[in-house]
2 protein chains.
Amino acid sequence: MVSFLLSLPRSPVSCFQTALGGGRSSSGHSANADNSTAKSFLPERVFEATELRLNRKGELEEVQREKGLNECGMVAWRVTMHTPEFPKGRRVILIGNDVTFQMGTFGVTEDLLFQRASEIARKEGIPRIYIAVNSGARMGLANEVLKLFQVEWIDETQPHRGFKYLYVTEKDYQQLMQTDSIVAEPVQHPVEGTVYKITTIVGAQIGLGVENLCGSGAIAGETARAYKSTFTITFCSGRSVGIGAYLTRLGQRVIQKSVNAPLLLTGYQALNRLIGRDVYSSNDEIGGIDVMHKNGISHLTVKDDIEGCEAILDWLSYVPEHREGPLPIMVDPTDPVSRPVAYKPARATEDPRLMFTGCIDPQGNWLGGVFDRGSYREAMADWARSVIIGRARLGGIPVGVVAVETRVTEAKQPADPAMPHTSEILLTRAGQVWFPDSAYKTAQAIWDFNQEELPLFIFANWRGFSGGQRDMFNE
Amino acid sequence: MVSFLLSLPRSPVSCFQTALGGGRSSSGHSANADNSTAKSFLPERVFEATELRLNRKGELEEVQREKGLNECGMVAWRVTMHTPEFPKGRRVILIGNDVTFQMGTFGVTEDLLFQRASEIARKEGIPRIYIAVNSGARMGLANEVLKLFQVEWIDETQPHRGFKYLYVTEKDYQQLMQTDSIVAEPVQHPVEGTVYKITTIVGAQIGLGVENLCGSGAIAGETARAYKSTFTITFCSGRSVGIGAYLTRLGQRVIQKSVNAPLLLTGYQALNRLIGRDVYSSNDEIGGIDVMHKNGISHLTVKDDIEGCEAILDWLSYVPEHREGPLPIMVDPTDPVSRPVAYKPARATEDPRLMFTGCIDPQGNWLGGVFDRGSYREAMADWARSVIIGRARLGGIPVGVVAVETRVTEAKQPADPAMPHTSEILLTRAGQVWFPDSAYKTAQAIWDFNQEELPLFIFANWRGFSGGQRDMFNE
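Computed from a prediction, not measured in an experiment: that's the story for all the values here.

So, the interface of chain B and chain A
Then comes step 1: At the interface, 36 residues of chain B touch 35 residues of chain A.
Then comes step 2: Roughly 2900 Å² of surface becomes buried between chain B and chain A when both sides are summed, with 62% attributable to carbon and sulfur atoms.
Then comes step 3: Residue B:R470 pairs with A:D416 through a salt bridge whose shortest N-O separation is 3.0 Å.
Then comes step 4: There are eight residue pairs in polar contact (both at pLDDT 80 or more) connecting chain B and chain A.
Then comes step 5: At the level of elements, α8 (243–250), β13 (263–264), α9 (268–275), α10 (284–287), α11 (289–292), β20 (409–413) and α15 (469–473) of chain B are the ones that each hand at least two residues to the side of chain B that touches chain A.
Then comes step 6: Take the side of chain B that touches chain A: its biggest share by element is four residues, from α15(B).
Then comes step 7: Broken down by class, the residue content of the side of chain B that touches chain A amounts to 21 nonpolar, six polar and nine charged.

Given below as structure tokens:
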């Protein structure tokens, strides 16, 4: 079996190594440093990962083994990374689906491994990174029954008329009863004599049926608790379905790959069958970034797995090593905090982000903004654009930023593919006004920053809430 | 000054007395009891209220005085009610705006009184009842400045061209400086000589400006905490604006009067001025029950104040006397819990509520449902009708109920009056499906029941979430 680690173009481990070792000029705050010089300061091992495996008691134990030897569709590592912020090492718990194992479905064992790994992150207050590629809760088949069952048709020549019952023969019944695979009652069959009509399929194996949903419920609860106790982040690297999508959302901070990584409750084929015609042509239409980045579920989008892992590392650089630990302060001596804020808005139509990022003026001079040069990272950029949310550094200290969009923005409400008479609605939104979506975005961001223990900067410049009928109706 | 207590057609106190003393046949579970017999068991005093007043230290003290002697626009009572569930008395804290005092605005004193009264409810874990009739945060006037200031017009004959500055004369300046009412700088006036140009108005009195907003913030936070610590309920008996609307929403359980009791962030005139034409003709269009009951903010609507107070009392009968206290069990010997559930759905199109309320069959026989006869109360009935939320009793024990609407429902999205080209959209919603609104309603109800410490009955019969593009886009 090819493991999840090998199934990705490059494994998360090597992604992290690349991102750490290969310089991060594209992602910002070390942009001014000379990478070749920086490299000589690197510790010998920047990334150490120990796999975690369930033992017979259902507890996790550390194991050193080759990739791909995992016994179920979930893998977890305890990782120590030597990052610029924490050269002595920062701990994280890394959890991933193995999509090559039963389609990456969540069964009883997978759920338990996820639960135990998340518990470690929660108890130690260290970041929990979840790489989501899965197919939702497992719906198993009792293969031993599948091989033996027979059908008593209403009319054998016309199967579409349906069947009277499913049955097994006396001999097969005895065999299946050894594993208690079915519940059946004897009936008289016109040809075969006494046969056993199947009333319930239990299955010999554990983890075929609703027991998987119990596990799903448990890890959903675990993830909600983890969000409140530590830094949770999910990289949606491939399709994430049902419980996989819930886990992603409940962990709140989501990085989504821009293609083939939809967040779904139901696949598009199932929806088409339900609606009765071919409304959707791909899962990306339902749960891709055009939906999930525009409704604020995905905070960030990336184009591939490498970029996704880089984005996680970059995000971590704004977060303490553990809950209630000191903030990672990264002072850049070339950009001292005593600098003046040189940027002044020239026109009302200028991007308010320039106020804190700074910019280069027409003469080519750098005009510094409120925050450290190159430190600003926007989140939830495509959702509720009348408020601006991001993380930045001031004097090297990571902070959360809430700012007001002063310009008019447009919000698109897409047509509903399932309702042919609907059309896309383009809403024009005044600047400096809180609409229901931007108010919710503000609340969500403050909540996230609070969990990350970041100081909060609000550049308050609001005229108030939009309290018209439609806004009130939609809350 | 006519007090809030007198300004209502009948005061909350007398409403409660009416509701308690006058029988509650319309509201349910004592319907089978003979009221005249029941009356003889009534305690002599069913309702005792002691007013709470702020002392000089900013703490509450009990005071016995006539109604209407309150010193600010907020009134609070510590109430003991002898109800059928708690004949020995149940405690509540009753808080109300006095709309006759400065339009019922929230100033510093009002906020402090609200805060202290809410703190009592929270600390003792007893219900906090808030009667909302107000005009939002106070924006005061410095009357001493109002009388004295003068205007230096650009052109005295054409005031619409604007003014250069506001000023006071030397003599008036000296007078105002005794109370530090303004900040001003001397300028030369062509006629009056040296005058003082006003740059800032401070005001002699405390509670004129932004300090009121600090108080608003404090009581909003207090109310969010109170919701988590005790039973909060708000009866929106008249207009409730700004912070008044926030308090109402943050307390979650809302009973709204059906006319002239809108929940508003901004009044309709202000919105019309902003939009530039007469879009709205009343506040009810923005925050009346057609908006607020249909979006789930108002859990219940009533036609007048008496009905509102009755509804509060009825709701309280499902709630423990104090947080973590025993549930109020009301056994009706004529409807024993050992009864069979006689009702069976005849058709798929029958109202699923009949399953737990029971009904009378065509022959006139009573077919009992799951819960005690007459004990079911629906909440948030007009919102997200694909899920059914209510409270009921089983064997006299109050419980929370979540059930699935099995029939097709319709959801109306009203046209936006501010956008002439929009039209009302009628959405048809399949039965047994969770849509974004009904999923949120389910979550909200479970959260409320949990705060009320009610056992929860879920009649689970869902086919799943509606996960199409529009649903996902709207989260």
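Thoughts on the relation of the copies chain B and chain A
Then comes step 1: Expressed as a screw transformation, the operator carrying chain B onto chain A has a rotation angle of 180° and an axial translation of 0.0 Å, and the superposed copies differ by an RMSD of 0.1 Å. Both copies are brought into coincidence by an operation consistent with a two-fold rotation axis. Ranked by how close their C-alpha atoms come to the rotation axis, the residues of chain B are headed by B:N474, at 5.3 Å.
Then comes step 2: The residues that chain B uses at the interface reappear at the interface of chain A in 97% of cases, marking a shared surface.

Notes on the sheet that holds strand β19 (residues 397–404) of chain A
All names here are of chain A.
Then comes step 1: Spatial ordering of the open sheet is given by β17-β18-β19-β23, a layout of four strands whose pairing is mixed. The open sheet is flanked by β17 (377–379) and β23 (456–459), the only strands paired with a single partner. The average angle at which neighbouring strand axes cross in this sheet is 25°, direction not considered.
Then comes step 2: Across the sheet, helix α14 (residues 436–451) is in contact with β17, β18 (387–394), β19 and β23; its angle to β18 comes to roughly 25°.

Describing the environment of B:V331
Residue and element names in this part refer to chain B.
Then comes step 1: Considering the arrangement of structural elements, one finds V331 in the loop between α12 (305–316) and α13 (354–357).
Then comes step 2: The class for V331 is exposed, based on a relative accessible area of 60%.
Then comes step 3: Put simply, V331 and K257 are 74 residues apart on the chain and 31 Å apart in space, counted from C-alpha to C-alpha.
Then comes step 4: Setting aside its immediate chain neighbours within four residues, V331 contacts G395 and G396.

Points about the environment of A:V79
Residues and elements named next belong to chain A.
Then comes step 1: Here V79 shows up in strand β3 (residues 74–81).
Then comes step 2: Taking C-alpha positions, V79 is 6.9 Å from L94, a pair spaced 15 residues apart along the chain.
Then comes step 3: Setting aside its immediate chain neighbours within four residues, V79 contacts F47, E48, A49, R90, R91, V92 and L94.

What about the sheet that holds strand β4 (residues 90–97) of chain B?
In any sheet, the strands associate via hydrogen bonds between backbone groups, in a parallel or an antiparallel arrangement.
All names here are of chain B.
Then comes step 1: Read from one edge to the other, the open sheet built from eight strands follows the order β2-β1-β3-β4-β5-β10-β12-β14, with strand pairing classed as mixed. On the outer flanks of this sheet lie β2 (60–63) and β14 (300–302), each paired with one strand and no other. Strand-to-strand, the axes of this sheet are offset by a mean angle of 25°, without reference to chain direction.
Then comes step 2: Taken together, the four bridges between strand β1 (residues 47–54) and β2 define a ladder with antiparallel strand orientation. Bridging from a neighbouring strand, L52 pairs with E62 of β2.
Then comes step 3: Across the sheet, α8 touches β5 (128–132), β10 (232–236) and β12 (253–257), and the angle it forms with β5 is around 145°.

Details of the packing of helix α7 (residues 211–229) of chain A against helix α8 (residues 243–250) of chain A
All names here are of chain A.
Then comes step 1: Here α7 crosses α8 at 10°, and the two axes come no closer than 9 Å. By the angle between their directions, the pair α7 and α8 is classed as roughly parallel. Residues S216, I219, A220, T223, A224 and Y227 of α7 form the contact with α8, whose own contacting residues are I243, L247 and L250.
Then comes step 2: Looking at side-chain class alone, the contact of α7 with α8 contains seven nonpolar, two polar and no charged residues.

A few points about the packing of aromatic side chains
All names here are of chain A.
Then comes step 1: Inspection of every chain in the model, using the stated rule, returns 26 aromatic pairs over all chains.
Then comes step 2: Ring centres of W434 and W462 lie 3.8 Å apart, and the angle between their planes is 20°; this geometry places the pair in the stacked category. With a gap of 28 residues between them, W434 in strand β22 (residues 433–434) and W462 in the loop between β23 and β24 (464–465) connect regions that are remote in the sequence.
Then comes step 3: W434 gets classed as buried once you look at its relative accessible area, which sits at 18%.
Then comes step 4: In textbook terms, an aromatic cluster arises when at least three aromatic residues are bridged by ring pairs, as seen for F356, F371, Y376, F457 and F459.
Then comes step 5: Here R393 stacks its cationic end above the ring of Y318, 4.7 Å away from the centre of that ring.

So, the environment of B:D98
Residue and element names in this part refer to chain B.
Then comes step 1: On the secondary structure map, D98 appears in the loop between β4 and α4 (108–124).
Then comes step 2: Looking at D98, the relative accessible area reads 0%, which means it is buried.
Then comes step 3: Here the alpha-carbon distance between D98 and E110, two residues twelve residues apart in the chain, equals 9.5 Å.
Then comes step 4: Within the structure, D98 has its side chain in polar contact with the side chain of T100 (distance 2.5 Å).

Describing the pairing of strand β1 (residues 47–54) of chain A
Residue and element names in this part refer to chain A.
Then comes step 1: With six bridges connecting them, β1 and β3 associate as antiparallel partners. Within the sheet, the bridge partner assigned to A49 lies in β3 and is V79.
Then comes step 2: Taking the residues that link successive antiparallel strands as the turn, the β1-strand β2 (residues 60–63) hairpin has five residues, and the phi of G58 there is positive, at about 80°.

Re unusual backbone geometry
All names here are of chain B.
Then comes step 1: Notably, Q102 is not glycine yet its phi reads approximately 45°, a positive angle.
Then comes step 2: Tracing the chain through its elements places Q102 in the loop between β4 and α4.
Then comes step 3: In the Ramachandran plot, N260 falls in the positive-phi region, its phi being about 60° despite a non-glycine side chain.

Quick word on the state of the cysteines
Here a disulfide denotes a covalent bond joining the sulfur atom of one cysteine to the sulfur atom of another.
Residues and elements named next belong to chain B.
Then comes step 1: Scanning the model with the defined rule gives zero disulfides over all chains in all.
Then comes step 2: Of all cysteine sulfurs, the one in C214 lies closest to C72, which takes part in no disulfide; the gap is 18 Å.
Then comes step 3: Judged by relative accessible area, which is 59%, C214 ranks as exposed.

Focus: a nonpolar patch on the surface
All names here are of chain A.
Then comes step 1: On the surface, L141, L146 and F149 cluster together to form a nonpolar patch covering roughly 290 Å² of accessible area.
Then comes step 2: You can see L141 is positioned in the loop between β5 (128–132) and α5 (143–146).
Then comes step 3: Look at L141 and you get exposed, because its relative accessible area is 57%.

Details of the confidence of the model for chain A
All names here are of chain A.
Then comes step 1: When pLDDT is averaged across chain A, the result is 88; 91% of the residues are at 70 or more.
Then comes step 2: The model gives residues 1–11 a pLDDT under 50, and that stretch makes 35 contacts with residues more than four places away or in other chains.
Then comes step 3: Here residues 22–38 scores under 50 on pLDDT; set against residues more than four positions off or in separate chains, the count is 26 contacts.
Then comes step 4: Predicted as a complex, the structure gets a pTM of 0.85 and an ipTM equal to 0.81.

A short note on the pattern of salt bridges
Then comes step 1: One pass over the structure, following the stated rule, counts 61 salt bridges over all chains.
Then comes step 2: Close ionic contact of B:R65 with B:E51 constitutes a salt bridge, the shortest N to O distance being 2.8 Å. Of this pair, B:R65 sits in the loop between β2 and β3 (74–81) while B:E51 sits in strand β1, and the two are 14 residues apart along the sequence.
Then comes step 3: One salt-bridge network, in which partners are shared between bridges, spans A:E51, A:R53, A:E61, A:R65 and A:E71.

So, how was this worked out
- Residues numbered from 1 in each chain as written.
- Chains lettered and ligands numbered in written order.
- Predicted model: local features only at pLDDT ≥ 70, side-chain atom pairs only at ≥ 80, totals over all residues.
- Heavy atoms only, no water.
- Contact = heavy atoms within 4.5 Å.
- Buried area = accessible area lost by both parts, 1.4 Å probe.
- Salt bridge = Lys/Arg side-chain N within 4 Å of Asp/Glu carboxyl O.
- Polar contact = N/O pair within 3.5 Å; in protein donor to acceptor, adjacent residues only side chain to side chain.
- Helix = DSSP H or I, 4+ residues; strand = E, 2+ residues; numbered from the N terminus.
- Nonpolar A, V, L, I, M, F, W, Y, C, P; charged D, E, K, R; others polar.
- Least-squares fit on C-alpha atoms with pLDDT ≥ 70 in both.
- Pairing = 2+ DSSP bridges.
- Axes fitted to C-alpha atoms, helices over the stretch in contact; angles between N-to-C directions.
- Buried < 20%, exposed > 50% of the residue type's maximum accessible area, 1.4 Å probe, protein only.
- Parallel < 35°, antiparallel > 145°, perpendicular 65-115°, else oblique.
- Phe/Tyr/Trp six-rings, centres within 6.5 Å; stacked < 30°, edge-to-face > 60°.
- Lys NZ or Arg CZ within 6 Å of the ring centre and 35° of its normal.
- Disulfide = S-S within 2.5 Å.
- Patch = residues over 30% accessible without salt bridge, like charges linked within 9 Å, V, L, I, M, F, W, Y side chains within 5 Å.
- Areas by Shrake-Rupley, 256 points an atom, 1.4 Å probe, with all protein chains shown as cover.
- pLDDT = per-residue confidence, 0-100.

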